[in-house]
Amino acid sequence: MSDRAPVPLLALRGIGKSFYGVRVLDGVDLDVAPGEVHAVVGENGAGKSTLMKIVSGGYVPDGGTIEFAGRSCVFGGPRDAQRAGIGIIHQEFNLLPERTVAENVYLGHEPKRRGLVDRRQMLSRTRDLLATIGETTLPADAVVGRLGVAQQQVVEIAKALALDARLLIMDEPTAALADHEVELLYGLVRRLQQQGIGLLYVSHRLTEVFDLSDRITVLKDGRRVQTMPTTEATAEDLVRQMVGRELSSYYPDRAAPEDIGAVRLAVRGGGNRKLRDIDLDLRAGEVLGIGGLQGSGRSALARALFGVEPFTTGLVTIDGKPTRLRSPRAATRAGIAYVTEDRKGEGIVARQSVLDNALLASRAVFPVRSGRAARTVRVRELLATVEVRAAGDDQEIRFLSGGNQQKVVLARWLALDPLILLFDEPTRGIDVGAKSAIHDLVRQLARAGAAVLMISSELPELLGMSDRMLVMRDGRVAGELPAGSTEEDVVALAVGTVSEAAA
Amino acid sequence: MSLLSLRAARRPVPGVFVALAITLAVGWLIVMIDGGQLFNQSTTVSLLHVAAGLGLVAVGQTLVILGGSLDLSVAYVISLSTLVAAETMNGSDGALLPAIGLALTVSAAVGLLNGLLVTRLRINAFIATLGVGLLLKGYLDNGYDGPAGTTSPTLVQTLGYQRIGPVPLSFLLLVAVTAACWFALARTRFGHHLVAVGGDPEVARLSGVRNDRVLVVAHMLCSLCAGLTGIYLASRLGSGAPRVGTEGLYDLESIAAVVIGGTALAGGRGGVVGTLGGVLLLASIDAIFNQLEVDAFFKQVIRGAIIIAAVAVYARRAMRKAAV
């Protein structure tokens, strides 16, 4: 499908939207043909998520027209868009943790029999849906809150499919998926395509965009830069159009040997419910990458070091002194900062302002360290340093894009001058431009003498950023790898095809 | 994570029934040592009557709390409903049905007002329903000094005092209302949507649920339940009583029963069956203390301690769940 189909399924013309005086979208045109995968790429805050929410009825546009299946549409709410046949898989999960898979999948359009919810049918239809996605191990009556992130993503997809959608929007669908699950998603996308369903595919991972899409639209600062057939696009072109920069400057230089200092944080024989026999040295000035599969104990390690779920055995020393990290407060006071994996749930206070979010940790942990005004000034400077793009410091953080939210979280910790920084998936759900900004910040912090531990599921990021890597498996450190290792080395350790490696 | 652990403990039997059993057993023992009898005919009947009155409000309260809202106006709705019912009946059986209808209509209207304030004007439910309650209080204080109207004799004889064995008709009404609400929550779209709205309003909205409509209906059902309580109380008292709702502390007690029954105060988790357990627990404690002739103030202290303990237990459980 190299060119425009005769009748587009979806036609957007001149879509515009402002929030609190900030123009987020400006005159955007976009077509999706039946059976086409149309990828939308763009930098942080380029307006992709806003555009998707407009198509799915979450926001009402200020200007422009939406034509769906040949008819002009005005969506007053998500319900209208669903009725018309537009489904969306949101970037952030939209699931009820207390309810079952089936109840989530059919929320808002539960099957009825004689006026009542037909639970049996709801369960069997959910099972069928899960089977079409290739997920057979997930019980339809499982409580969603007890599922892992990847399984929740599957539920999210099933939920969108349950609508018999003719157009499906996927906003960063692979952000939480492991590699083999991404494969499943690919298959699923192709199957939907064969059924004549149009797909709008938003992703930061260019590999996916090239693998899946028929056409690509680039957004920048709320405007459409270009729409082109995927066959005519190259990764370098796309990145240049998105951010105006070449792909080669992707990762900052590693630390020189003389930059790496003494051991700052050491763990010997650390263990708890999820971890065993953790030995670890983290040096000043280095970025230590932590690899491994989902559930291998990567996040559990960061959470143990930050005192969320502390080590119950073993010894932790900071700068040679034994330290007990019993709570996040204790860890913060010991000079540790933690940028969490789940930004929406654990990173930000959605309804508080940018400034309040940035001040959160300093206020909580060091209430009287310095003058209030001085602290605010300092945090404002930090927000400027990390280049947060917001309408103002008093804007509620939930209106910011994921990348900007992450920068605010970073500023929050920088305000404490941490010696040790723990990053858990620092660039998840963040686009290329903001990603390299975060990478640069991480490297600058290391260069300034901080000890950095960085968890990442994205192998290029892990390999590109780390001075050295530990790969985890089943709650243990499976092995250590030097800089310059290959993706295969990491995967081999992570899945256990090589035994305890001597590195 | 095995499949078993995914399924296990889903919607467990609320722990409140365990607490209820223990309370009754311990209470029975203590009362016996004291030389009394906890489960004789008259104590059981009065226990179930207390439970019926509180239970009808509390079941309604469960619905709004599940939806993430709250209703502090129920005590005044109860008082108003006793008066509307008793004054319309005016001692005759002829006006029985119209009087019940009118009392319920007035109650539902208050619920509609509550619901619209909470959804359309986006006023915090705590403030909105407190405001409506005070409005009703003003009307009641202004218009009534004491009991007014006379309840129809038939109603007094049936709903008020008729029993099947030791079980009053009113308690059977409570069981029926609880069953109806349980069914509504489990088997109707309204129920599913209500729990969703309470669990996460944004998720519900993005899934196509009409949050406002669901919450308004929940508020109307809550007020209807309060109105029903009022009719029941009128049948017990024989007249309308302008302060029976507040003096019975039906607003706070109903919320306490809901919370003891395991429904999350923030909404999205829980159910009416647990509330029934909470109501029975509170009523049992009442009965035990009455038997022991415990000081009324001390009784309040114990009830407070029980509420705090219940919430602490649920909070711990939630924490453990989060850690899994």
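Naming follows an unreviewed UniProt entry, where chain B appears as Ribose ABC transporter permease of Micromonospora lutea. Turning to chain B, the UniProt annotation filed under Subcellular location (unreviewed entry) states: "Cell membrane".

For chain A, an unreviewed UniProt entry supplies the name Ribose import ATP-binding protein RbsA 2 and the organism Micromonospora lutea.

Student: Where do I start with the overall build of chain A in this structure?
Tutor: For chain A, the count of helices and strands is 17 helices and 22 strands. The C-alpha radius of gyration of chain A comes to 23 Å, within 12% of the 23 Å expected for a compact globule of 503 residues. Expressed along its principal axes, the backbone C-alpha trace of chain A runs to roughly 70 × 50 × 45 Å. Put simply, chain A has 503 residues, and 51% of those count as buried. Nonlocal contacts in chain A, meaning residues at least 24 apart in sequence, comprise 69% of its contacts between residues at least 6 apart.

Student: Explain the overall build of chain B to me, please; I cannot follow it from the model alone.
Tutor: If you tally the helices and strands in chain B, you get 15 helices and two strands. Here the C-alpha radius of gyration of chain B, 20 Å, is about what a compact globule of 324 residues would show, namely 20 Å. In chain B, which comprises 324 residues, the proportion classed as buried is 51%.

Student: What exactly am I supposed to notice about the packing of helix α9 (residues 189–199) of chain B against helix α11 (residues 211–237) of chain B here?
Tutor: Think of two packed helices as two axes; the pair is described by the angle between the axes and how far apart they sit. Residue and element names in this part refer to chain B. Packing of α9 against α11 leaves a shortest axis separation of 10 Å and a crossing angle of 105°. The pairing of α9 with α11 is recorded here as roughly perpendicular in orientation. Here α9 contributes Phe-190, His-193, Leu-194 and Val-197 to the contact with α11, which in turn contributes Asn-211, Val-214, Leu-215, Val-217 and Ala-218. A breakdown of the residues in the contact of α9 with α11 according to their chemical character gives seven nonpolar, two polar and no charged.

Student: Help me understand helix α17 (residues 487–495) of chain A, please; the structure alone is not making it clear to me.
Tutor: Since there are 3.6 residues in each turn of an α-helix, residues three or four apart along the chain are aligned in direction. All names here are of chain A. Those residues of α17 that fall on the buried side of the exposure criterion are Asp-489, Val-490 and Leu-493. Looking straight down α17, one finds that the buried residues subtend no more than 95° of arc, so they occupy a single side. Opposite the buried face of α17, by more than 90 degrees, sit the exposed residues Glu-487 and Glu-488. Buried positions along α17 lie against β15 (287–292), α16 (459–465), β21 (468–473) and β22 (476–482).

Student: Could you clarify how one ought to interpret the pairing of strand β3 (residues 37–42) of chain A in this entry?
Tutor: Remember that side chains alternate between the two faces of the sheet whenever the strand is regular. All names here are of chain A. Along β3, six of the six residues are buried, which leaves the element largely enclosed by surrounding structure. Of the two faces of β3, the one carrying Val-37, Ala-39 and Val-41 and the one carrying His-38, Val-40 and Gly-42 are both buried. As paired strands, β3 and strand β10 (residues 198–202) are joined by four bridges and run parallel to one another. Each bridged residue has a counterpart across the sheet, and for Val-37 the counterpart in β10 is Leu-199.

Student: Got a minute to help me understand the packing of helix α8 (residues 169–187) of chain B against α9(B) in this structure?
Tutor: Residues and elements named next belong to chain B. Close contact between α8 and α9 brings their axes to 5 Å; oriented N to C, the two are set at 75°. By the angle between their axes, α8 is roughly perpendicular relative to α9. Within the contact between the two elements, α8 uses Ala-184, Leu-185, Ala-186 and Arg-187 and α9 uses Phe-190, Gly-191 and Val-195. Along the lines of polarity and charge, the residues of the contact of α8 with α9 split into five nonpolar, one polar and one charged.

Student: Would you explain the sheet that holds strand β11 (residues 215–220) of chain A in this entry?
Tutor: Consider a sheet: its strands pair through backbone hydrogen bonds, and that pairing is either parallel or antiparallel. Residue and element names in this part refer to chain A. A sheet is described by the order of its strands in space; here six strands give the open sequence β6-β9-β10-β3-β11-β12, paired in mixed fashion. Taken across any chain shown, the strands that pair with only one partner, and hence form the sheet edges, are β6 (86–89) and β12 (223–229). If you compare each strand with its neighbour and ignore which way they point, the axes differ by 20° on average. Across the sheet, helix α6 (residues 179–194) is in contact with β3, β9 (167–171) and β10; its angle to β10 comes to roughly 150°.

Student: Explain the interface of chain A and chain B here, please?
Tutor: Counting from both sides, the interface comprises 22 residues of chain A and, opposite them, 22 residues of chain B. Broken down by secondary-structure element, the contributors of at least two residues to the side of chain A that touches chain B are α2 (78–84) and β8 (116–117) of chain A. Here the residues of the side of chain A that touches chain B are counted per class, giving nine nonpolar, five polar and eight charged.

Student: Would you mind showing me how to read the environment of A:Leu355 here?
Tutor: Turning to its location among the elements, A:Leu355 is positioned in helix α12 (residues 354–365). A:Leu355 has contacts with A:Val379, A:Asp393 and A:Asp394, leaving out every residue within four places of it along the chain.

Student: Explain the domain arrangement of chain A here, please?
Tutor: Interface extent is often summarised as the accessible area lost during association of the parts. Per the domain assignment, the segments making up chain A are domain 1 (10–249), domain 2 (261–335 + 418–503) and domain 3 (350–417). Here the C-alpha centre of domain 3 of chain A lies 31 Å away from the C-alpha centre of domain 1 of chain A.

Student: I'm lost on the sheet that holds strand β14 (residues 278–283) of chain A in this one. Help?
Tutor: Residue and element names in this part refer to chain A. Read across the sheet, four strands follow the order β14-β13-β16-β17 without closing on themselves; strand pairing throughout is antiparallel. At either end of the open sheet lies a strand with only one pairing partner, and these are β14 and β17 (321–322). Pairing of strand β13 (residues 263–271) with strand β16 (residues 313–318) involves five bridges; the strand directions are antiparallel. Along β16, the bridge assignment pairs Gly-271 with Thr-313.

Student: Could you clarify how one ought to interpret unusual backbone geometry in this entry?
Tutor: Leave glycine aside and you will find that most residues have negative phi; peptide bonds, for their part, are mostly trans. Residues and elements named next belong to chain A. Even without being a glycine, Glu-387 presents a positive backbone phi close to 60°. Positive phi outside glycine occurs at Glu-425, with the angle close to 50°. Within the element layout of this structure, Glu-425 appears in the loop between β19 (420–424) and α15 (432–447). With 24 C-beta atoms packed within 10 Å, Glu-425 lands in the buried category.

Student: Could you clarify how one ought to interpret the nonpolar core in this entry?
Tutor: Soluble globular proteins tend to pack their nonpolar side chains together in the buried interior. Counting residues in each nonpolar core, the largest one holds 172 residues, and the members touching the most others are A:Leu167, A:Leu200, B:Ala51, B:Leu54 and B:Cys225. Of all the elements, α11(B) adds the most residues to this core, at 15 residues. Contacts of A:Leu200, omitting those with residues within four sequence positions, involve A:Val32, A:His38, A:Val40, A:Met52, A:Val55, A:Leu167 and A:Ile169. A:Ala284, A:Val287, A:Val409 and A:Met465 belong to the second largest nonpolar core, which has 76 residues in total.

Student: Honestly, the confidence of the model for chain B in this entry has me stumped. Any pointers?
Tutor: Detailed reading of the predicted coordinates is not advisable wherever pLDDT is low. Residue and element names in this part refer to chain B. Per-chain confidence: chain B averages 89 in pLDDT, with 94% of residues scoring 70 or above. For residues 1–10, every residue scores under 50 in pLDDT, and the model assigns this stretch ten contacts once sequence neighbours within four places are set aside. This complex was scored by the predictor with a pTM of 0.71 and an ipTM of 0.81.

Student: Is there a simple way to explain helix α4 (residues 74–89) of chain B in this structure?
Tutor: Residue and element names in this part refer to chain B. Spanning 16 residues, α4 covers 22 Å between terminal C-alpha atoms, matching the ideal 22 Å at 1.5 Å per step. Most of α4 sits inside the fold, with 15 of its 16 residues counted as buried. Phi turns positive one or two residues past the end of α4, at Asn-90, with a value near 50°.

Student: What is the right way to look at the confidence of the model for chain A in this model?
Tutor: Residues and elements named next belong to chain A. Mean pLDDT over chain A works out to 84, with 92% of the residues at or above the 70 mark. Overall, residues 245–249 carries pLDDT values under 50, and its contacts beyond four positions in sequence, including any with other chains, amount to seven contacts. Taken as a whole, residues 499–503 scores under 50 in pLDDT and shows eight contacts with residues more than four places along the chain or in a different chain.

What counts and how
- Residues numbered from 1 in each chain as written.
- Chains lettered and ligands numbered in written order.
- Predicted model: local features only at pLDDT ≥ 70, side-chain atom pairs only at ≥ 80, totals over all residues.
- UniProt positions renumbered as here; feature names shortened; annotations may be inferred.
- Helix = DSSP H or I, 4+ residues; strand = E, 2+ residues; numbered from the N terminus.
- Rg over C-alpha atoms; globule rule 2.2 N^0.38 Å.
- Buried ≥ 20, exposed ≤ 12 C-beta atoms within 10 Å, placed from the backbone.
- Contact = placed C-beta atoms within 7 Å.
- Axes fitted to C-alpha atoms, helices over the stretch in contact; angles between N-to-C directions.
- Parallel < 35°, antiparallel > 145°, perpendicular 65-115°, else oblique.
- Nonpolar A, V, L, I, M, F, W, Y, C, P; charged D, E, K, R; others polar.
- Arc of directions from axis to C-beta.
- Pairing = 2+ DSSP bridges.
- Domains from an automatic or database assignment.
- Core = buried A, V, L, I, M, F, W, Y, C linked by C-beta atoms within 7 Å.
- pLDDT = per-residue confidence, 0-100.
- Expected span 1.5 Å × (residues − 1).

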